[in-house]
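Below, each chain spelled out in residue letters.
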Amino acid sequence: MSVFSRGTASRSRVRTVIGGIAIAGASALVLAGCAGGGGTAEPSESAAPVEDLTLKLGTILPQTGSLSFLGPPEEAGVGLGAQDVNDYADTTGLTIDDIVWGDSGDTDNKAYATTIQTLISEGVTAAIGAASSGVTKLFLDDAVAAGIITFSPANTSLDFTSWDDNGLYWRTAPSDTLQGEVLGNLLAEDGHSNVSVIYQNDSYGTGLNDVFQEVFTGTGGTVVSEQSYNTGDTTFDAQISATLAANPDAILLITFDEIYTIGPALLAAGYPADQLYLVDGNLKQFGSDAKWPAAANMEGAKGTTPAGPLEADEEFQTAVSDWWVAEGNEALTDFSYANESYDAVVLLALASLAAGSTDPGEVAGKLQEVSGGTGDGEKCTSYADCADIILAGGVADYDGKSGPITFDENGDPTEATVGIFQYGADNLNTRIG
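Residues numbered from 1 in each chain as written. Predicted model: local features only at pLDDT ≥ 70, side-chain atom pairs only at ≥ 80, totals over all residues. Heavy atoms only, no water.

1. A word on the overall build of the chain
For step 1, the next point in the chain: When its secondary structure is counted, the chain shows 12 helices and 17 strands.
For step 2, the next point in the chain: The proportion of buried residues among the 433 residues of the chain is 57%.
For step 3, the next point in the chain: Summing over all exposed atoms, the chain offers an accessible surface of approximately 15200 Å²; the carbon and sulfur share of this is 47%. (Helix = DSSP H or I, 4+ residues; strand = E, 2+ residues; numbered from the N terminus. Buried < 20%, exposed > 50% of the residue type's maximum accessible area, 1.4 Å probe, protein only. Areas by Shrake-Rupley, 256 points an atom, 1.4 Å probe, with all protein chains shown as cover.)

2. Side note on the environment of Thr 172
For step 1, the next point in the chain: As for its placement among the helices and strands, Thr 172 is situated in the loop between β7 (169–171) and α5 (176–189).
For step 2, the next point in the chain: Residues Thr 172 and Asp 412, 240 residues apart in the sequence, show an inter-C-alpha distance of 7.1 Å.
For step 3, the next point in the chain: When neighbours within four sequence positions are excluded, Thr 172 is seen to be in contact with Phe 151, Ser 152, Pro 153, Glu 340, Asp 343, Ala 344, Leu 347, Phe 407 and Pro 413.
For step 4, the next point in the chain: Among the polar contacts listed, one links the side chain of Thr 172 to the backbone oxygen of Glu 340, at a separation of 2.9 Å. (Contact = heavy atoms within 4.5 Å. Polar contact = N/O pair within 3.5 Å; in protein donor to acceptor, adjacent residues only side chain to side chain.)

3. What to know about unusual backbone geometry
For residues other than glycine, phi is negative in most cases, and the peptide bonds are mostly trans.
For step 1, the next point in the chain: Between Gly 129 and Ala 130 the backbone carries a cis peptide bond, its omega angle lying at -5 degrees.
For step 2, the next point in the chain: Looking at the element boundaries, Ala 130 is found in the loop between β5 (126–129) and α4 (133–146).
For step 3, the next point in the chain: In this model, Lys 110 sits at a positive phi of 60 degrees, which is unusual for a non-glycine residue.
For step 4, the next point in the chain: Despite not being glycine, Thr 406 has its phi angle at roughly 50 degrees, a positive value.
For step 5, the next point in the chain: You can see Thr 406 is positioned in strand β15 (residues 405–407).

4. Quick look at the side chain of Arg 431
For step 1, the next point in the chain: As for its placement among the helices and strands, Arg 431 is situated in strand β17 (residues 429–431).
For step 2, the next point in the chain: Note on Arg 431: relative accessible area 16%, which makes it buried.

5. A look at empty space enclosed by the protein
For step 1, the next point in the chain: Taken as a whole, the largest cavity encloses approximately 90 Å³ of empty space.
For step 2, the next point in the chain: Lining the largest cavity, in full, are Leu 67, Leu 70, Ala 131, Ser 132, Ser 133, Ala 154, Thr 156, Tyr 204, Phe 256, Asp 280, Gly 281 and Tyr 337.
For step 3, the next point in the chain: Residue composition of the lining of the largest cavity, grouped by class: seven nonpolar, four polar and one charged. (1 Å grid on protein atoms, 1.4 Å probe; cavity = no way out; pocket = protein on both sides within 12 Å on 5 of 7 lines; lining within 4 Å. Points joined across faces, edges and corners; volume = space filled by probe spheres on them. Nonpolar A, V, L, I, M, F, W, Y, C, P; charged D, E, K, R; others polar.)

6. Focus: the pattern of salt bridges
For step 1, the next point in the chain: Under the criterion given, the structure shown has nine salt bridges.
For step 2, the next point in the chain: The partner of Lys 302 in a salt bridge is Asp 190, with the nearest N and O atoms 3.0 Å apart. Placement of the pair is Lys 302 in strand β12 (residues 302–306) and Asp 190 in the loop between α5 and β8 (194–200), with a sequence separation of 112 residues.
For step 3, the next point in the chain: Here Lys 379 and Asp 397 are joined by a salt bridge, their closest N and O atoms 3.3 Å apart. Placement of Lys 379 in strand β13 (residues 378–380) and of Asp 397 in strand β14 (residues 396–398) is noted, with a sequence separation of 18 residues between them. (Salt bridge = Lys/Arg side-chain N within 4 Å of Asp/Glu carboxyl O.)

7. Details of α4
Three or four residues apart is the spacing at which side chains of an α-helix point the same way, because the helix has 3.6 residues per turn.
For step 1, the next point in the chain: Spanning 14 residues, α4 covers 20 Å between terminal C-alpha atoms, matching the ideal 20 Å at 1.5 Å per step.
For step 2, the next point in the chain: Where α4 bends most, the angle comes to about 45 degrees, and this point is Phe 139.
For step 3, the next point in the chain: Listed in full, the buried residues belonging to α4 are Ser 133, Val 135, Thr 136, Phe 139, Leu 140, Ala 143 and Val 144.
For step 4, the next point in the chain: Against β3 (57–60), α3 (111–122), β5, β6 (149–152), β7 and α6 (203–218) lie the buried residues of α4.
For step 5, the next point in the chain: Between a side-chain oxygen at the N-terminus of α4 and the backbone nitrogen of Gly 134 the separation is 3.2 Å; the capping residue is Ser 132. (Expected span 1.5 Å × (residues − 1). Bend = angle between axes of the 7 residues up to and from the residue.)

8. What about the layout of surface pockets?
For step 1, the next point in the chain: In this structure, the second largest pocket encloses a volume near 340 Å³.
For step 2, the next point in the chain: Around the second largest pocket, the lining is made up of 20 residues, and of these Gln 285, Gln 317, Phe 335, Phe 421 and Asn 429 lie nearest the centre.
For step 3, the next point in the chain: Tallied by class, residues from the lining of the second largest pocket come to seven nonpolar, nine polar and four charged.

9. Looking at the nonpolar core
For step 1, the next point in the chain: Judged by nonpolar contacts, the single largest core of 51 residues is most densely connected at Ile 149, Phe 151, Leu 348, Leu 350 and Tyr 383.
For step 2, the next point in the chain: With 12 residues, helix α10 (residues 338–355) is the single largest residue contributor to this core.
For step 3, the next point in the chain: Contacts of Ile 149, omitting those with residues within four sequence positions, involve Thr 125, Ala 126, Ala 127, Leu 168, Trp 170, Leu 348, Pro 360, Val 363 and Ala 364.
For step 4, the next point in the chain: Core analysis: the next-biggest nonpolar cluster, separate from the first, contains 29 residues, Leu 70, Ala 131, Ala 250 and Tyr 337 among them. (Core = buried A, V, L, I, M, F, W, Y, C linked by side-chain atoms within 4.5 Å.)

10. Considerations on the side chain of Gln 213
For step 1, the next point in the chain: Topologically, Gln 213 is positioned in helix α6.
For step 2, the next point in the chain: Not counting residues within four places of it along the chain, the set of residues in contact with Gln 213 comprises Val 223 and Glu 226.

Read these as spatial facts, not as claims about activity.
Structure, rendered in C-alpha cells:
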C-alpha cells in the first residue's frame, strides 16, 4: 500500500526539576533515567504476527495556525517512517496503510476538532500529533474515549505525565523540564546574570518559564522581569516596554508566532540580537521566511529545541527532505521534530509487530517494551533490525533518530536530547551543540 497520498484534510505532567545534571559548555543536554512516578512495568513475551497486519495511522499535525512551520518536518518524518516500514513488509507481513493526513491547526482556528473526529471514524490505531500541547489537551479525552492511541512527536507540557489516558497517550518529545534545564544553564554559561522573560500564558509557556527560572536562579542568576501575554493577543507594546525598562543582559522569548511581532520590535528598539534566546515554539529559519522583516537581523541569537543526536543529523535530514521533495514539495529548511515524528511511526509499527495486532490497546501495551523501557530488550537502531529481533522471538529495544527514548509507564521518554542552535548573518540557524 502506498503511504504517499496526502489529502487536502491533512498536513505537557507532574512538575519535577531535574537535578544533578552536568553541563559541559554550550552543548546539547541528554536526559537519562528521569522516569516519572508509578511502578515498574513487567515485560511481556513478544510474538510475531500469525498473519499479515495492516496498520492504519492518521496525523493531526499543524498545516495551519501558529505552529504551521512545524507541519512539514513532522509530516515528512511520518512519511519517511512509514516508507521504511513498508519497505520491509515482505519480511514482516506488516504494512502501514494509506496515512490519513489531518490538520491540527491551533487553539484559535480549531482545525483539530474536525480532524480528530475524522481519524476516529476512519478507525486509525493511532493519531500522530498534535504539535501544540494546548491543542492536544482539547482533543485527547475524545481520542481516549474512542480507544485510539494519541502519539505526539512534539508535546512538552508537564501535564501529560499524570493525564488520565488509559495508557493511550505517548510522546517522543521530552518534557519542558529538560528544555528548561538546558536554557537555564545555557544563559548562565553564556555569562548572563540579569534576564527578562516574555512568555505565552498557557501550559506550554508557563511550564517552560517556571523550570527555566528555577534552574537559572539556582545558578546565581536573577530574573529582573517577566511579562506574559495571552493566546490571540496581537499587541505587545506594554510587555516590550516593561522588559526593556528592566535593562536585562538577555531576554528569553517563549512564544509561538508572536515572535514575528516581538522579535523585530526588540531589534528595532536597539536590543542586541546576540542577547536574545528562543525556544522550540519559535525557532524558525527567518532567512527563508517572507514574513520576517529583512532589516531584523538575528545574527548571534540562540535557541533550543528537542533534536536527535548531533552526529546523526545530516544523513537523516537528507533522507527526510528527499521524501518531502518526492511528494512534490520544496526541500525542507527546518527539521524541528522530524526525528521524533519518524520514531513515533517506527515505534508504533514495532509495537504492532510485537503484539501481533493492530488493536490500539494491544499496540499501546507493547510501546514501553519496544522502546527499551522494560529493561530486557536487545539494542537496535533501525526498523528492520528491530523487526528481525521480534520475528525471532526476542524483545527489541529501539534507539531511534531522536535518541534512546526508553519510555516510562506514563508514556514519557526518559532519555532525550535538546539541541542548541545559533543564527548567522543570513537569519538562518544552525546547530552548535
